[in-house]
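What follows is the residue order along each chain.
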Amino acid sequence: QVQLVESGGGLVQAGGSLRLSCAASGPSVSSFTMGWFRQDRDFVASITWSGGNTIYTDSVKGRFTISRDNAKNALYLQMNNLKPEDTAVYYCVKGRGGSFSPQYDYWGQGTQVTVSS
């Protein structure tokens, strides 16, 4: 059974940075696209299994960077220059890829990110 556990959320002032991590376990975790969504199932970013292709929603381009370490079964989201509108629960996901939530079969429990103005 695939399990995804997020960490790294917290409270930060606008302009600050946070790094989210996702620890993945289960069969063939490293063989699938992984990504991040936030509250209301809004797409944030995704990365293919090889790490060779990344996709970002327009509002985070240039500020967020998604990466993965397949040897550690880990996914990361480096978030810089955070804005109050980035406040949300962030979910780690695993699935077929793309920017639509139904394309991802597994979801973590979420980690809260709060950005104060």
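Quick look at the structure, then. For clarity, every value in this text was computed on a predicted model and none was experimentally measured.

### Description of the packing of aromatic side chains
Thought 1: Inspection of every chain in the model, using the stated rule, returns four aromatic pairs.
Thought 2: Centroid distance Phe37 to Phe43: 5.5 Å. Interplanar angle 75°. Geometry classified as edge-to-face. Of the two residues examined, Phe37 and Phe43, each falls in the buried class.
Thought 3: Judged by relative accessible area, Phe37 falls into the buried class, the value being 0%.
Thought 4: Of the aromatic side chains, those joined through ring pairs into one cluster are Phe37, Phe43, Tyr91, Tyr104 and Trp107.
Thought 5: In this structure, Lys94 is placed above the aromatic ring of Phe32, and the distance from its NZ or CZ to the ring centre is 3.8 Å.

### Examining the pairing of strand β7 (residues 64–69)
In regular strands, side chains alternate between the two faces of the sheet.
Thought 1: Taking every second residue as pointing to the same face, the buried face of β7 carries Phe64, Ile66 and Arg68, while none of Thr65, Ser67 and Asp69 on the other face is buried.
Thought 2: By the bridge criterion, six bridges tie β7 to strand β8 (residues 74–79) in an arrangement that is antiparallel. Note on β8: the bridge partner recorded for Asp69 is Ala74.
Thought 3: Counting the residues between successive antiparallel strands, the hairpin from β7 to β8 contains four residues, one of them, Asn73, with a positive phi of roughly 50°.

### Remarks on the pattern of salt bridges
Thought 1: According to the stated counting rule, one finds four salt bridges in the structure shown.
Thought 2: Salt-bridge contacts for Lys61 lead to Asp58; the nearest nitrogen and oxygen are separated by 3.0 Å.
Thought 3: Here Asp86 makes a salt bridge to Arg63, at a shortest N to O gap of 2.7 Å. Here Asp86 is found in the loop between β8 and β9 (88–95), whereas its partner Arg63 is found in the loop between β6 (54–56) and β7, with 23 residues between them in sequence.
Thought 4: One continuous salt-bridge network, built from bridges that share partners, spans Arg38, Arg63 and Asp86.

### Topic: the sheet that holds strand β1 (residues 3–7)
Thought 1: If you walk across this open sheet you meet the four strands as β1-β3-β8-β7, and the pairing is antiparallel. Every interior strand has two partners, whereas the edge strands, β1 and β7, have only one. Across the sheet, the axes of successive neighbouring strands diverge by a mean angle of 15°, strand direction being ignored.
Thought 2: Pairing of β1 with strand β3 (residues 18–25), which is carried by five bridges, proceeds in the antiparallel orientation. Within β3, the residue paired with Ser7 across the bridge is Ser21.

### Describing the state of the cysteines
Thought 1: Overall, the coordinates contain one disulfide when judged by the stated rule.
Thought 2: Bridging Cys22 to Cys92, the disulfide has an S-S length of 2.1 Å. When the S-S torsion is -75°, as for the bridge of Cys22 with Cys92, the disulfide is left-handed. Of this pair, Cys22 sits in strand β3 while Cys92 sits in strand β9, and the two are 70 residues apart along the sequence.

Rules of the game
Residues numbered from 1 in each chain as written. Predicted model: local features only at pLDDT ≥ 70, side-chain atom pairs only at ≥ 80, totals over all residues. Heavy atoms only, no water. Phe/Tyr/Trp six-rings, centres within 6.5 Å; stacked < 30°, edge-to-face > 60°. Buried < 20%, exposed > 50% of the residue type's maximum accessible area, 1.4 Å probe, protein only. Lys NZ or Arg CZ within 6 Å of the ring centre and 35° of its normal. Helix = DSSP H or I, 4+ residues; strand = E, 2+ residues; numbered from the N terminus. Pairing = 2+ DSSP bridges. Salt bridge = Lys/Arg side-chain N within 4 Å of Asp/Glu carboxyl O. Axes fitted to C-alpha atoms, helices over the stretch in contact; angles between N-to-C directions. Disulfide = S-S within 2.5 Å.

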